[in-house]
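Here's the letter readout for the chains.
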Amino acid sequence: MKKLVVLFALFVFVFGNLGALAESTHGTDGQVSARSVGASLCSLIIWPGIGQAINGEKADKNITHAVLGLTGVFRIWSFYDAIVDRHGGVWHNRI
């Protein structure tokens, strides 16, 4: 459990600061907040798409993340998408 917490903290530190270093080409990043951290954990641990729903994204994006969550790799993308509270994206703002 300690390793998981340390890994998560490191992940938040690294990806939480990326917005300051580079502009997003697909969608706009919001702010990392307590809500977005909780939303990202829900996307990673429970199911992708939940984090986007918590962050107030449109239903199309939530459903797309949930369906693509059947692939293991997309969980990590959904986690990142939720933690930076990214609005919009590619494929008609669904990803």
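Above this note sits the structure.
Per chain, residues are indexed from 1 in the order of the written sequence. With pLDDT at 70 or above as the cut-off, local features in this predicted model cover only qualifying residues; side-chain atom pairs require 80 or more to be listed or tallied, and sums for whole chains, interfaces and linings still use all residues. Remark: hydrogens and water are excluded; side-chain values derive from all non-hydrogen atoms of the structure.

K.L.:
Help me understand the overall build of the protein chain, please; the structure alone is not making it clear to me.
P.N.:
Scanning the protein chain from terminus to terminus reveals seven helices and zero strands. Each of the 95 residues in the protein chain was classed as buried or not, and the buried ones make up 32%. Across the protein chain, every contact between residues at least 6 apart in sequence was considered, and the portion connecting residues at least 24 apart equals 66%. Where helices and strands are cited, they refer to DSSP runs of H or I of at least four residues and of E of at least two residues respectively, numbered from the N terminus. Per-residue accessibility, obtained with a 1.4 Å probe over protein chains only, is compared with the maximum for each type, and a residue is labelled buried under 20%, exposed over 50%, and partly exposed between these values. Pairs of residues are marked as contacts when any of their non-hydrogen atoms sit within 4.5 Å.

K.L.:
Even after reading the chapter, I still don't get the environment of Thr71, so can you show me in this structure?
P.N.:
Position of Thr71 among the secondary structure elements: in the loop between helix 5 (59-68) and helix 6 (72-83). In this structure Thr71 comes out as partly exposed when scored by relative accessible area, which is 42%. Taking the C-alpha atoms as reference points, Thr71 and Pro48, 23 residues apart in sequence, are found 10.0 Å from one another.

K.L.:
Just to check I follow, could you spell out the layout of surface pockets for this structure?
P.N.:
If you roll a probe as big as a water molecule over the atoms, it shows you where there is empty space left. One number sums up the size of the largest pocket: a volume of about 260 Å³. Both site types are read off a 1 Å grid over the protein atoms alone. A 1.4 Å probe that fits but cannot get out defines a cavity, while an open set with protein on both sides within 12 Å along at least five of seven lines defines a pocket; lining residues have an atom within 4 Å of a point. As for the largest pocket, its lining consists of Met1, Leu4, Val5, Leu7, Phe8, Phe11, Leu41, Leu44, Ile45, Ile76 and Phe79. For the lining of the largest pocket, the secondary structure elements donating two or more residues are helix 1 (2-16), helix 3 (34-46) and helix 6. Tallying contributions element by element places helix 1 first for the lining of the largest pocket, with five residues. Taken together, the residues of the lining of the largest pocket sort by class into eleven nonpolar, no polar and no charged. Grid points are joined across faces, edges and corners, and a volume is the space filled by probe spheres set on the points. When residues are sorted by character, Ala, Val, Leu, Ile, Met, Phe, Trp, Tyr, Cys and Pro go into the nonpolar class, Asp, Glu, Lys and Arg into the charged class, and all the rest, Gly among them, into the polar class.

K.L.:
Looking at this structure, I do not really get the side chain of Ser43. What am I missing?
P.N.:
Along the chain, Ser43 turns up in helix 3. Those residues in contact with Ser43 that sit more than four places away from it in its chain are Pro48, Gly49, Ile50, Gly51, Gln52, Arg75, Ser78, Phe79 and Ala82.

K.L.:
I would appreciate a short explanation of the environment of Arg75 in the present structure.
P.N.:
Secondary-structure assignment places Arg75 in helix 6. Through-space distance from the C-alpha of Arg75 to that of Gly49 is 9.0 Å; in sequence the pair is 26 residues apart. Contact partners of Arg75, with chain neighbours within four places excluded, come to Ser43, Leu44, Ile45, Ile46, Trp47, Pro48 and Gly69.

K.L.:
Sorry, what's going on with the pattern of salt bridges here?
P.N.:
Note on pairing: side chains with opposite charge can pair once their charged atoms come close. When a carboxyl oxygen of Asp or Glu lies within 4 Å of a side-chain nitrogen of Lys or Arg, that pair is called a salt bridge. Counted by the stated rule, this structure contains three salt bridges. In this structure, Asp81 engages Lys61 in a salt bridge whose closest nitrogen and oxygen atoms are separated by 3.1 Å. Highlighted residues: Asp81 in helix 6 and Lys61 in helix 5, separated in sequence by 20 residues. Grouping residues by exposure puts Asp81 and Lys61 together as buried. The partner of Asp81 in a salt bridge is Arg86, and the shortest N-O contact between them spans 2.6 Å. Accessibility assignment for this pair places Asp81 and Arg86 in one class, buried. Through salt bridges with shared partners, a single network forms among Lys61, Asp81 and Arg86.

By themselves, these are just geometric observations and shouldn't be taken as functional.
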